Amino acid sequence: MLSLISEMFSYPFMVRAFVVGTLVALCAALLGVSLVLKRYSMIGDGLSHVGFGALAVATALNASPLLVSIPIVVLAAFFLLRISESSKIKGDAAISIISTGALAVGVMIVSLTTGMNTDVSNYLFGSILTMSEDDVILSLIISSVVLILFILFYHRIFAVTFDESFARATGVNVELYNVLIAILTALIIVLGMRMMGALLITSLIVFPAVTSMRVCKSFRTVILNSAIISVICLWIGVTFSYIYATPTGASIVICNILAFIFYSAFGKISEAKVKMQK
Amino acid sequence: MSLIVCKNVSFAYEGVPAVQGINFDLAEGDYLFIVGENGTGKSTLIKGLLKLKKPYEGEIILAADLKANEIGYLPQQTIVQKDFPATVMEVVLSGCLNQLGYKPFYTKKEKNMAVRNLERLGIKSLKKESYRDLSGGQQQRVLLARALCATQKLIILDEPVAGLDPLVTAELYQLIDQINKELGITIIMVSHDLEAALNYASKILHLRNEQLFFGTLEEYRESQIGKIFLKDHVNA
């Protein structure tokens with residue numbers, strides 16, 4: 001076991017994958033709780049597809065993937081939030097249009113420039129080999145920003161998530177916090193996308209939150225539990241993918257599915273116990 | 001002294017008036033019922049009082065010592081809340097948010113206040129329970145405790161008894177009445193429940209896209225509009 005771990009960490013790309021992955025998993029889980037409770041999970045999905053389009057553009061232009069995709073995805077986050085909040089347009093349909101649209105544009109750009117090759121598969125399903133030194137530094141910066149903002153605004157985020165009307169009435173700038181959450185989500189999606197893949201990154205946002213809610217009773221325990229589940233699933237998934245040469249993103253999602261099943265069963269059992277006592 | 005004065009206020013959505021000609025003033029300690037059919041502008045008026053929607057015409061004047069963000073508000077429950085994983089304490093504490101200013105975290109002062117209000121509403125024992133596991137009546141008490149944390153002067157309630165059974169409804173009205181009488185907090189209640197209005201209100205505002213009536217309960221009973229409306233809606 002120990003020799004396996006030391007062997008694994010002797011590869012610099014594995015170290016980078018662990019660092020970036022852990023940070024992304026942690027932040028995604030924190031933001032995910034609020035997004036899931038606000039019924040905004042679809043925004044995450046939409047953003048990751050836009051991210052795929054942006055990556056394709058960056059590759060075609062031979063530009064830095066992160067520098068191109070961050071502004072595009074952040075812009076998309078603004079836009080998707082507006083769509084979800086406005087009751088006039090059918091929000092979910094509009095998000096589908098944008099995400100499939102961005103995906104199609106991305107595929108078109110890739111096939112016209114480099115051609116459909118392993119790159120495309122890497123974008124869609126993730127690859128552990130794509131992390132560079134710069135990515136690690138950028139991940140450290142962005143995730144510290146997310147963590148600090150999340151802790152400082154924790155009580156406001158709770159209020160905005162639980163009851164927008166009340167929060168607004170007591171003078172909380174609800175729009176500001178919604179935009180903040182959307183932008184932070186966009187940043188985390190861009191960071192995690194190349195490792196997890198555009199099609200799978202949303203799972204890091206949605207799974208830990210939903211899993212924790214099966215069992216936890218308070219907002220704080222849901223948040224803490226999500227963070228822990230998310231990071232542990234990522235570690236197990238990455239290690240598994242290293243040993244058995246399975247795709248990294250998919251391995252992590254499978255871990256999350258197992259955690260979800262386990263928590264659901266546990267939640268059902270403890271519920272039944274409570275009923276028996278009554 | 002007047003706590004709230006509305007002078008010829010109207011509200012519109014994209015230029016189309018939703019409710020107009022609202023003129024009333026409330027004194028400290030009043031208990032106002034806003035009655036009227038669905039979609040006649042009650043909720044719009046509430047948004048206006050909370051400064052969430054600008055009047056299209058006229059003005060709403062709050063007393064100098066009443067800030068808009070110090071009004072306790074009990075909104076209609078949303079689907080999101082029904083299965084929200086949060087403890088009672090977490091929910092009630094969020095009512096203290098308007099006292100934090102730029103501080104990021106709650107201090108002893110806010111926590112004590114939350115506990116005091118839980119005690120006042122007889123739900124201190126539920127402090128650590130999860131909000132989603134509570135009954136409808138208990139959930140409303142929690143939201144009432146949160147509103148009490150946010151205000152010293154005025155609570156606005158939007159259909160607080162919707163979906164509650166008669167016994168729980170009566171208990172909730174009792175509690176709100178106590179808050180009004182014992183703490184001297186002014187109450188504005190939007191409700192369909194005319195019988196409760198007859199039992200508890202000190203003043204009535206009747207809306208049907210415009211103000212049909214404003215005055216004391218006794219005046220309402222004597223008024224033409226009151227007589228018709230009460231006859232139609234109260235079986236007594």
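Owing to the predicted nature of the structure, the values given are computational and were not obtained by experimental measurement.

**Here's the deal with the overall build of chain A**
Regarding its fold elements, chain A presents 13 helices and zero strands. Beginning at the N terminus, the succession of helices and strands in chain A can be written as α-α-α-α-α-α-α-α-α-α-α-α-α. Compactness check: chain A gives a C-alpha radius of gyration of 19 Å against a globular reference of 19 Å for 278 residues, within 12% of the reference. Out of the 278 residues in chain A, the part that is buried amounts to 53%.

**A few points about the overall build of chain B**
A count of helices and strands for chain B gives nine helices and nine strands. Its C-alpha atoms give chain B a radius of gyration of 18 Å, near enough to 18 Å, the size a compact globule of 236 residues would have. Here the C-alpha coordinates of chain B stretch approximately 50 × 40 × 35 Å along the principal axes. In chain B, buried positions account for 55% of the 236 residues. Of the roughly 10700 Å² that chain B leaves accessible, carbon and sulfur atoms contribute 49%.

**Points about the layout of surface pockets**
Empty space within the largest pocket amounts to approximately 800 Å³. In this structure, the largest pocket is lined by 27 residues; those nearest its centre are Asp163, Glu164, Ser165 and Arg168 of chain A together with Thr78 of chain B. Of all the secondary structure elements, the ones that give two or more residues to the lining of the largest pocket are α8 (154-162), α9 (164-169) and α10 (174-196) of chain A together with α1 (42-49) and α2 (79-82) of chain B. When its residues are assigned to classes, the lining of the largest pocket shows ten nonpolar, seven polar and ten charged. Considered as a void within the structure, the second largest pocket measures approximately 690 Å³ in volume. Contributing to the lining of the second largest pocket are 21 residues, with Arg214, Lys217 and Glu271 of chain A together with Arg132 and Asp133 of chain B lying nearest its centre. With seven residues, the single largest contributor to the lining of the second largest pocket is helix α13 (residues 248-277) of chain A. Grouping the amino acids of the lining of the second largest pocket by side-chain chemistry returns seven nonpolar, three polar and eleven charged.

**Here we look at the packing of aromatic side chains**
Per the counting criterion, the structure on display carries 21 aromatic pairs over all chains. With centroids separated by 6.2 Å and ring planes inclined at 55°, the aromatic side chains of Tyr11 of chain A and Tyr242 of chain A adopt a geometry described as tilted. Of the two residues, Tyr11 of chain A sits in the loop between α1 (2-8) and α2 (12-37) while Tyr242 of chain A sits in helix α12 (residues 219-244), which places them 231 residues apart along the sequence. Here Phe158 of chain A and Phe84 of chain B contribute two aromatic rings whose centre-to-centre distance is 6.0 Å and whose plane-to-plane angle is 80°, an arrangement assigned as edge-to-face. Residue Phe158 of chain A is located in helix α8, and its partner Phe84 of chain B is located in the loop between α2 and α3 (88-93); the two belong to separate chains. Owing to a relative accessible area of 0%, Phe84 of chain B belongs among the buried residues under this scheme. Following the ring pairs from residue to residue traces out a cluster consisting of Phe150, Tyr154, Phe158, Phe162 and Phe219 of chain A together with Phe84 and Tyr131 of chain B. The side chain of Lys53 of chain B reaches across the aromatic face of Tyr13 of chain B, ending 4.1 Å from its centre. Seen from the ring of Phe166 of chain A, Arg146 of chain B lies directly overhead, with NZ or CZ sitting 3.7 Å from the centre.

**A closer look at a nonpolar patch on the surface**
Residues and elements named next belong to chain A. A cluster of nonpolar residues, Phe9, Val15, Val19 and Leu140, forms a patch on the protein surface that exposes about 280 Å² of accessible area. Examined against the element boundaries, Val19 turns out to sit in helix α2. Its relative accessible area of 30% is what places Val19 among the partly exposed residues.

**Concerning the domain arrangement of chain B**
Residue and element names in this part refer to chain B. Each assigned domain of chain B is listed here: domain 1 (1-66 + 153-236) and domain 2 (69-151). Domain 1 and domain 2 are separated by 24 Å when their C-alpha centres are compared. Residue-level contacts link 23 residues of domain 1 with 17 residues of domain 2. Across the domain 1 to domain 2 interface the summed buried area is about 1700 Å²; carbon plus sulfur atoms make up 70%. Across the domain 1-domain 2 interface, the total number found is one salt bridge. Arg141 serves as the salt-bridge partner of Glu171, at 3.2 Å between the closest nitrogen and oxygen. Mapped by element, the contributors of at least two residues to the side of domain 1 that touches domain 2 are α1, β6 (154-158) and α6 (166-183). Residue classes in the side of domain 1 that touches domain 2 are distributed as 17 nonpolar, one polar and five charged.

**Description of the state of the cysteines**
Under the counting rule described, the total for this entry stands at zero disulfides over all chains. Cys149 of chain B provides the cysteine sulfur closest to Cys96 of chain B, a residue in no disulfide bond, and the two sulfurs are 3.9 Å apart.

**Quick notes on the interface of chain B and chain A**
The partner chain A presents 28 residues to the 37 residues of chain B that form the contact. Summing both partners gives a buried area of about 2600 Å² for chain B against chain A, and 64% of it is carried by carbon and sulfur. Residue Lys217 of chain A pairs with Asp133 of chain B through a salt bridge whose shortest N-O separation is 2.8 Å. Summed over the shared surface of chain B and chain A, the result is 13 residue pairs in polar contact (both at pLDDT 80 or more). Considering each element in turn, the side of chain B that touches chain A owes the most residues, four residues, to helix α5 (residues 136-150) of chain B. Taken together, the residues of the side of chain B that touches chain A sort by class into 22 nonpolar, eight polar and seven charged.

**Concerning the sheet that holds strand β2 (residues 16-27) of chain B**
Residue and element names in this part refer to chain B. The strand order across the open sheet formed by three strands is β2-β1-β4, and the pairing between neighbours is antiparallel. Every other strand in the sheet has two partners, leaving β2 and β4 (57-62) as the edge strands with one partner each. Averaged over all neighbouring strand pairs, the angle between strand axes comes to 15°, with direction disregarded. As defined by bridge partners, strand β1 (residues 2-13) adjoins β4 across five bridges and the pair is classed as antiparallel. By the bridge assignment for β4, Ile4 is matched with Leu62.

Criteria and thresholds
Residues numbered from 1 in each chain as written. Chains lettered and ligands numbered in written order. Predicted model: local features only at pLDDT ≥ 70, side-chain atom pairs only at ≥ 80, totals over all residues. Heavy atoms only, no water. Helix = DSSP H or I, 4+ residues; strand = E, 2+ residues; numbered from the N terminus. Rg over C-alpha atoms; globule rule 2.2 N^0.38 Å. Buried < 20%, exposed > 50% of the residue type's maximum accessible area, 1.4 Å probe, protein only. Areas by Shrake-Rupley, 256 points an atom, 1.4 Å probe, with all protein chains shown as cover. 1 Å grid on protein atoms, 1.4 Å probe; cavity = no way out; pocket = protein on both sides within 12 Å on 5 of 7 lines; lining within 4 Å. Points joined across faces, edges and corners; volume = space filled by probe spheres on them. Nonpolar A, V, L, I, M, F, W, Y, C, P; charged D, E, K, R; others polar. Phe/Tyr/Trp six-rings, centres within 6.5 Å; stacked < 30°, edge-to-face > 60°. Lys NZ or Arg CZ within 6 Å of the ring centre and 35° of its normal. Patch = residues over 30% accessible without salt bridge, like charges linked within 9 Å, V, L, I, M, F, W, Y side chains within 5 Å. Salt bridge = Lys/Arg side-chain N within 4 Å of Asp/Glu carboxyl O. Domains from an automatic or database assignment. Contact = heavy atoms within 4.5 Å. Buried area = accessible area lost by both parts, 1.4 Å probe. Disulfide = S-S within 2.5 Å. Polar contact = N/O pair within 3.5 Å; in protein donor to acceptor, adjacent residues only side chain to side chain. Pairing = 2+ DSSP bridges. Axes fitted to C-alpha atoms, helices over the stretch in contact; angles between N-to-C directions.

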